[in-house]
Amino acid sequence: MADRVTVIGWDGSPLTSAARSALSAATLVAGAPHHLALPEVPPAAERIRLGSVSLAARRIARHRGSAVVLADGDPGFFGVVRTLRAPEHGLEVEVVPAVSSVAAAFARAGMPWDDAQIVVAHRRTLRRAVNVCRAHTKVAVLTSPGAGPAELALLLDGVHRTFVICEALGTVHEQVTVLTSDKVADLAWRDPNVVIVIGGPAAAPSADAWIAGRDPARPPRVRGWALPGTEYPGTPGEGESVPLRAAQLARLGPRVGDLVWDIGCGSGALATEAARFGAAVIAVDRDPAACERTADAARRFGVQLQTVCGTAPQVLENLPEPDVVRVGGGGHAVVSACADRRPARIVTHAFTRDAAEAVARVLTEGGYAVECALLQSVELSVEDWAERERAVAFLLSAVRPESAP
């Protein structure tokens, strides 16, 4: 097998002495065409055009001699190092890093990036990358063919963002373009590129920042979820009790990369708390005042979400595909329309057994595994232990079998 494998990062600047030394001794060099064209590559070395890293790793493992793999940026950051170090290849890897393409992109933009989310967009992960861009104010997207700036912009339809598109960083073709998301899809873009997606109110700079990405402790006054109704403007609807909301959130399990539909968003409590988990959220209500309350709650808690004012199920037709759905109103007709879109989970409630049975029937016929629980909660005064408020509801939770863990 190869005596050693040296992975060299390349950012367009002159190679370091360590990189030149490794290349001069190489008997096999793998990389993209622009890497293999570098003058430092020995003329007698076997050359592999890097497509599938796994296939290249197998060839390197069979090679007798010194192998070098060239990769853009920092090869240990969403790069080739992970694949090369896979146990099945048995390779010992030495890395000579360069400036990552993400760091270079933010440097070109003159922006800090310790507060950014960073995602990779392939055809199979594009929708999840878009959901992160919906949910967060600063995202760096490492793109790929078929999952580039135009595709990102098209899937963000209805959500305003600013794109900083950094093409061919470190090459003679390098170009940085700043556009609003509605204009990006009209143009052609050169691969590879990094897209910085910016939008919404950014958090105030903090001198005591301690973690990369979104600070989970912001806003600092808030801890926990299923917060009291007093944290949200307006009067909670009859299906918005705190215990019911807690159970619904637990069943939904919203997470980063998900898109949550909250249909009948009411006070905005569930939509806002789903967004606090890092999920993208579309909150739907036929009442404009409810949409405004939801948008206000999101602003106060420093999260991003989209509100859509309209009557379900008709208004749902043009919305992007959801991962999980909470139906807070509209009955079994809305539940049926949601089931047709095949989200992984649907959560709803009913106040009578007949209504619960009707909803469960719709979900079961739609191919979902359904659970139902009767929730009863009583709020007591700790002064005299008198009953303050009683809430009773049937909680229905549906899971698409192929999406179950």
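What this report covers is the structure whose coordinates are included nearby. (Residues numbered from 1 in each chain as written. Predicted model: local features only at pLDDT ≥ 70, side-chain atom pairs only at ≥ 80, totals over all residues. Heavy atoms only, no water.)

## Considerations on the pattern of salt bridges
Argument step 1. Tallying each qualifying case throughout the model produces 18 salt bridges.
Argument step 2. One salt bridge connects D258 with R128, and the closest N-O pair in it is separated by 3.4 Å. Of this pair, D258 sits in the loop between α9 (242-252) and β11 (259-263) while R128 sits in helix α6 (residues 126-135), placing them 130 residues apart in sequence.
Argument step 3. The partner of E387 in a salt bridge is R390, with the nearest N and O atoms 2.8 Å apart.
Argument step 4. Judged by relative accessible area, E387 falls into the partly exposed class, the value being 44%. (Salt bridge = Lys/Arg side-chain N within 4 Å of Asp/Glu carboxyl O. Helix = DSSP H or I, 4+ residues; strand = E, 2+ residues; numbered from the N terminus. Buried < 20%, exposed > 50% of the residue type's maximum accessible area, 1.4 Å probe, protein only.)

## As for the environment of I48
Argument step 1. Examined against the element boundaries, I48 turns out to sit in strand β3 (residues 46-49).
Argument step 2. Residue I48 is classed as buried on the basis of its relative accessible area of 5%.
Argument step 3. When near neighbours in sequence (up to four residues on either side) are disregarded, I48 contacts L28, V29, A30, G31, L36 and R59. (Contact = heavy atoms within 4.5 Å.)

## Describing the sheet that holds strand β16 (residues 369-380)
Argument step 1. Read across the sheet, 7 strands follow the order β13-β12-β11-β14-β15-β17-β16 without closing on themselves; strand pairing throughout is mixed. The open sheet has two edge strands with one neighbour each: β13 (306-309) and β16. In this sheet, neighbouring strand axes are inclined to one another by 20° on average, regardless of whether the strands run parallel or antiparallel.
Argument step 2. Note: β11 against strand β14 (residues 324-327), 4 bridges, orientation parallel. Across the sheet, V260 pairs through a bridge with V324, a residue of β14.
Argument step 3. Its contacts with the sheet place helix α12 (residues 331-340) against β11, β14 and β15 (345-350), and it is angled at close to 175° to β14. (Pairing = 2+ DSSP bridges. Axes fitted to C-alpha atoms, helices over the stretch in contact; angles between N-to-C directions.)

## With respect to the nonpolar core
Argument step 1. Counting residues in each nonpolar core, the largest one holds 28 residues, and the members touching the most others are W261, I263, L316, V327, C338, I346 and L363.
Argument step 2. Contributing elements (two or more residues each) for this core: β11, β12 (280-285), β14, α12, β15, α13 (353-365) and β17 (387-399).
Argument step 3. Looking at this core element by element, the count peaks at 5 residues for α13.
Argument step 4. V327 has contacts with I263, V334, V335, C338, I346, V347, T348 and H349, leaving out every residue within four places of it along the chain.
Argument step 5. Within the second largest apolar cluster, 21 residues are counted, among which are A129, V141, V159 and I165. (Core = buried A, V, L, I, M, F, W, Y, C linked by side-chain atoms within 4.5 Å.)

## So, a nonpolar patch on the surface
Argument step 1. A surface patch of nonpolar side chains, amounting to about 410 Å² of accessible area, comprises V378, L380, V382 and W385.
Argument step 2. Within the secondary structure, W385 sits in the loop between β16 and β17.
Argument step 3. For W385, a relative accessible area of 58% gives the class exposed. (Patch = residues over 30% accessible without salt bridge, like charges linked within 9 Å, V, L, I, M, F, W, Y side chains within 5 Å. Areas by Shrake-Rupley, 256 points an atom, 1.4 Å probe, with all protein chains shown as cover.)

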